[in-house]
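A look at the structure
Given next are the chains, with one letter for each unit.
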Amino acid sequence: MNSISIEVTEVQNNQMTMLVRYIVIGFNVLLGLLALTIAASSFNHPAAVVEELIPTHSLLTPTWVVLVAFLLLIAVGIGIYSTITSVYYFLLFYLMILVGVIIFEVFLGFGMVYEAPLYKDVKNTMDNGMENYHVNNTHHFWDGLQKELKCCGIAGPTDWFATWGEQRLPQSCCVHNSTQFHHGLCMYDPNPARVYQSGCYLKAISVLERPLIERMVGLGIALQIIQLINIVFVAILLYMVKNRENQASWSPKPTNNVYP
């Protein structure tokens, strides 16, 4: 009777272990899909010209987000292999990787959200481009930015007066098909139907922040939640595997002794 109950318990434990395996594999597949989605979204800027405002060292560059996605995909591969093989030390290694990736993501997320120097860099880039508008094709940047964002100047159209002279603006400040052109220049007019009145700085910052908010608040939080749940199930599977190994090592081995 005892042997039957032991066998039933062992079957139930195996079924439970198999169920947890499937759950962990499912979460890993979901993590992989989320990682690919986050990597793809990092390149999805509404205005490509705005990317020129992002410093190469900034955490807002797609490189950092792709790095997280790449690390996560490696972790997913290790996780699926560890789950299928159910080797204790592989699972323990995978658990440590998951914890490390989460810590890295948290620090990266805080760095992206609180990256105050970015705004100063954007302002400096705009100032330099405005001062050197006629030098080294810098005008391509400003013209593209103003046309794309439908803006003019840093804070407004009057910012250009120091470069162009009173009442004169680049052509890209004029609304398309307006009658404000004069000898190839755009003449200032307070009418927004003729000249863009909004400054480009706040619009550019808004464009830069939008994908950041989408990634960090949307996909980022979803990723963290799924990773934490996955860690719980990996820990459960780790306990089950260790418990099974302990039972196997302590179970009595059959003997061939013959008693009279």
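No experiment lies behind these values; they were computed from the predicted model shown.

On to the pattern of salt bridges. Applying the stated criterion across every chain, the model contains two salt bridges. Asp 127 serves as the salt-bridge partner of Lys 123, at 3.2 Å between the closest nitrogen and oxygen. You can see Lys 123 and its partner Asp 127 sitting in helix α4 (residues 117-131), four residues apart, about one turn around the helix. With a relative accessible area of 32%, Lys 123 lands in the partly exposed category. By relative accessible area, Asp 127 is classed as partly exposed at 23%.

Further remarks concern unusual backbone geometry. For Ser 86, which is not glycine, the phi torsion reads 55° and is therefore positive. Mapping Ser 86 onto the fold places it in the loop between α2 (62-85) and α3 (88-113). Positioned with a positive phi, Lys 150 is a non-glycine residue whose angle comes to about 55°. Position of Lys 150 among the secondary structure elements: in the loop between α5 (139-149) and α6 (161-164).

A word on the packing of aromatic side chains. Tallying each qualifying case throughout the model produces six aromatic pairs. Taking the centre distance of 5.2 Å and the plane angle of 80° together, the rings of Tyr 88 and Tyr 89 count as edge-to-face. The exposure class assigned to Tyr 89 is exposed, which follows from its relative accessible area of 60%. Aromatic pair Trp 142 and Trp 160: ring centres 5.2 Å apart, planes at 75°, arrangement edge-to-face. With Trp 142 in helix α5 and Trp 160 in the loop between α5 and α6, the pair connects residues that are 18 residues apart, well separated along the chain. When sorted by exposure, Trp 142 lands in the same class as Trp 160, which is buried. Members of the aromatic cluster, joined through ring pairs, are Phe 141, Trp 142 and Trp 160. For Lys 242, the ring lying beneath its charged end belongs to Tyr 88, and the centroid distance is 4.8 Å.

Here is what the cut-offs are and how they apply
- Residues numbered from 1 in each chain as written.
- Predicted model: local features only at pLDDT ≥ 70, side-chain atom pairs only at ≥ 80, totals over all residues.
- Heavy atoms only, no water.
- Salt bridge = Lys/Arg side-chain N within 4 Å of Asp/Glu carboxyl O.
- Helix = DSSP H or I, 4+ residues; strand = E, 2+ residues; numbered from the N terminus.
- Buried < 20%, exposed > 50% of the residue type's maximum accessible area, 1.4 Å probe, protein only.
- Phe/Tyr/Trp six-rings, centres within 6.5 Å; stacked < 30°, edge-to-face > 60°.
- Lys NZ or Arg CZ within 6 Å of the ring centre and 35° of its normal.

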